[in-house]
Amino acid sequence: GAGVSQSPSNKVTEKGKDVELRCDPISGHTALYWYRQSLGQGLEFLIYFQGNSAPDKSGLPSDRFSAERTGGSVSTLTIQRTQQEDSAVYLCASSRSPNTEAFFGQGTRLTVV
Amino acid sequence: EDQVTQSPEALRLQEGESSSLNCSYTVSGLRGLFWYRQDPGKGPEFLFTLYSAGEEKEKERLKATLTKKESFLHITAPKPEDSATYLCAVQGAYQGAQKLVFGQGTRLTINP
């Protein structure tokens with residue numbers, strides 16, 4: 001596809017359940033970012049992948065959060081034992097290289113009830 | 001730690017009334033400064049990249065400028081369709097500082 005694709009677009013889950021959010025970056029983009037945006041708030045950095053380098057996980061808020069990027073392409077963000085405070089829009093972005101513009105997907109709106 | 005502060009938080013203008021949005025930053029070695037536009041319920045849309053002080057970029061009614069401490073997004077004769085939240089982000093040059101650090105955004109409303 002032409003842009004960054006995220007799925008699902010909306011996810012409602014019960015507190016305590018695990019969820020997986022998927023990101024398909026633009027083909028050929030080596031850098032991939034995950035951000036979280038709570039209602040009316042700015043973008044909170046979660047994790048950054050660049051090529052085959054070790055990911056920058058410094059933004060993950062707890063050990064319930066993890067992410068992987070398989071084959072340098074698709075990425076999955078997993079949240080275990082979801083809590084109500086995890087409710088937010090999760091945004092994925094990719095860029096051709098670390099110092100070029102990042103393009104965002106439309107996000108996954110996660111609601112924990 | 002890299003930081004970005006945007007001002008004002010919100011701005012209301014009349015159609016045709018020009019103004020500027022501010023983005024102040026501190027970063028250990030600037031690799032790039034990025035401006036985005038975000039409409040409600042959508043992901044941020046890329047506008048500009050600036051790499052060094054003195055650089056300027058233009059697109060339609062928008063012009064972005066960069067100094068060593070801040071960037072401005074100038075909007076000339078805005079139209080209602082320019083209403084959106086404008087986000088500024090910086091990227092550091094050093095290992096471990098390559099994530100994009102965003103400001104809180106400026107919510108711009110253009111009244112017809």
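Residues numbered from 1 in each chain as written. Chains lettered and ligands numbered in written order. Predicted model: local features only at pLDDT ≥ 70, side-chain atom pairs only at ≥ 80, totals over all residues. Heavy atoms only, no water.

Novice: When you look at the overall build of chain B in this model, what are you seeing that I'm missing?
Specialist: A count of helices and strands for chain B gives zero helices and eleven strands. Reading the helices (α) and strands (β) of chain B from amino to carboxyl end gives β-β-β-β-β-β-β-β-β-β-β. Relative to its length of 112 residues, chain B is compact, with a C-alpha radius of gyration of 14 Å against a globular reference of 13 Å. Structurally, chain B occupies a C-alpha span of about 45 × 30 × 20 Å along its principal axes. Residues classed as buried in chain B amount to 47% of the 112 residues present. (Helix = DSSP H or I, 4+ residues; strand = E, 2+ residues; numbered from the N terminus. Rg over C-alpha atoms; globule rule 2.2 N^0.38 Å. Buried < 20%, exposed > 50% of the residue type's maximum accessible area, 1.4 Å probe, protein only.)

Novice: Can you help me understand the overall build of chain A in this one?
Specialist: Secondary structure assignment for chain A yields zero helices and ten strands. The order of helices and strands in chain A, counted from the N terminus, is β-β-β-β-β-β-β-β-β-β. Taking 13 Å as the expected radius of gyration for a compact globule of 113 residues, we find that chain A reaches 13 Å, a close match to that expectation. Overall size of chain A, expressed as C-alpha extent along the three principal axes, is 35 × 25 × 25 Å. For chain A, long-range pairs separated by at least 24 residues make up 55% of all intrachain contacts whose partners lie at least 6 apart in sequence. Within the structure as shown, chain A displays about 5,400 Å² of accessible surface, and the carbon and sulfur contribution to it stands at 44%. (Contact = heavy atoms within 4.5 Å. Areas by Shrake-Rupley, 256 points an atom, 1.4 Å probe, with all protein chains shown as cover.)

Novice: Explain the interface of chain A and chain B here, please?
Specialist: Buried accessible area, meaning the area lost when the parts come together, often serves as the stated size of an interface. In this complex, chain A contributes 20 residues to the contact, which on the side of chain B involves 20 residues. Both sides of the chain A and chain B interface together cover about 1,600 Å² of buried area, and 54% of this is carbon and sulfur. Applying the counting criterion to the chain A and chain B interface returns zero salt bridges. At the boundary of chain A and chain B, one finds six residue pairs in polar contact (both at pLDDT 80 or more). At the level of secondary structure, the elements contributing two or more residues to the side of chain A that touches chain B comprise strand 4 (31-37), strand 5 (43-50) and strand 9 (102-104) of chain A. Across the side of chain A that touches chain B, the residue classes break down as ten nonpolar, eight polar and two charged. (Buried area = accessible area lost by both parts, 1.4 Å probe. Salt bridge = Lys/Arg side-chain N within 4 Å of Asp/Glu carboxyl O. Polar contact = N/O pair within 3.5 Å; in protein donor to acceptor, adjacent residues only side chain to side chain. Nonpolar A, V, L, I, M, F, W, Y, C, P; charged D, E, K, R; others polar.)

Novice: Which parts of the structure should I look at to understand the sheet that holds strand 6 (residues 65-69) of chain A?
Specialist: All names here are of chain A. The four strands are arranged 1-3-7-6 in an open sheet whose pairing can be described as antiparallel. What marks the edges here is a single partner per strand, and that holds for strand 1 (5-7) and strand 6. Each adjacent strand pair in this sheet contributes to an overall mean axis angle of 15°, direction not counted. The pairing of strand 1 with strand 3 (residues 19-24) spans three bridges and is classified as antiparallel. Note that in strand 3 the partner of Gln6 across the bridge is Cys23. (Pairing = 2+ DSSP bridges. Axes fitted to C-alpha atoms, helices over the stretch in contact; angles between N-to-C directions.)

Novice: What am I meant to see in the side chain of Ser94 of chain A here?
Specialist: All names here are of chain A. In this fold, Ser94 is placed in strand 8 (residues 88-95). A polar contact is formed between the side chain of Ser94 and the backbone nitrogen of Ile26, at a distance of 3.3 Å. Within polar-contact distance, the side chain of Ser94 engages the side chain of His29 at 2.8 Å. Once you skip the residues sitting within four places of it in the chain, Ser94 turns out to touch Val4, Pro25, Ile26, His29, Ala31, Leu32, Glu101, Ala102 and Phe103.

Novice: Sorry if this is basic, but what is going on with the pairing of strand 8 (residues 70-75) of chain B here?
Specialist: When a strand is regular, its side chains alternate between the sheet's two faces. All names here are of chain B. With burial as the criterion, only one face of strand 8 is covered, namely that bearing Ser71, Leu73 and Ile75; the residues Glu70, Phe72 and His74 on the opposite face remain uncovered. One ladder, built from six bridges, connects strand 3 (residues 19-26) with strand 8; its direction is antiparallel. Following the sheet pairing, Ser24 is matched in strand 8 by Glu70. Inspection of the sheet shows strand 7 (residues 62-66) paired to strand 8 by five bridges, in the antiparallel sense. Across the sheet, Ala64 pairs through a bridge with Leu73, a residue of strand 8. Hairpin connection between strand 7 and strand 8: a loop of three residues separates the two successive antiparallel strands.

Novice: What am I meant to see in the state of the cysteines here?
Specialist: Linking two cysteines covalently through their sulfur atoms gives a disulfide. Across all of its chains, the model carries two disulfides over all chains by this definition. Each sulfur in the disulfide pair Cys23 of chain A and Cys92 of chain A lies 1.8 Å from the other. Looking along the S-S bond of the Cys23 of chain A-Cys92 of chain A disulfide, the torsion reads about -65°, which is the left-handed sense. Of the two residues, Cys23 of chain A sits in strand 3 while Cys92 of chain A sits in strand 8, which places them 69 residues apart along the sequence. Residue classification places Cys23 of chain A among the buried positions, given a relative accessible area of 0%. Each sulfur in the disulfide pair Cys23 of chain B and Cys88 of chain B lies 1.9 Å from the other. (Disulfide = S-S within 2.5 Å.)

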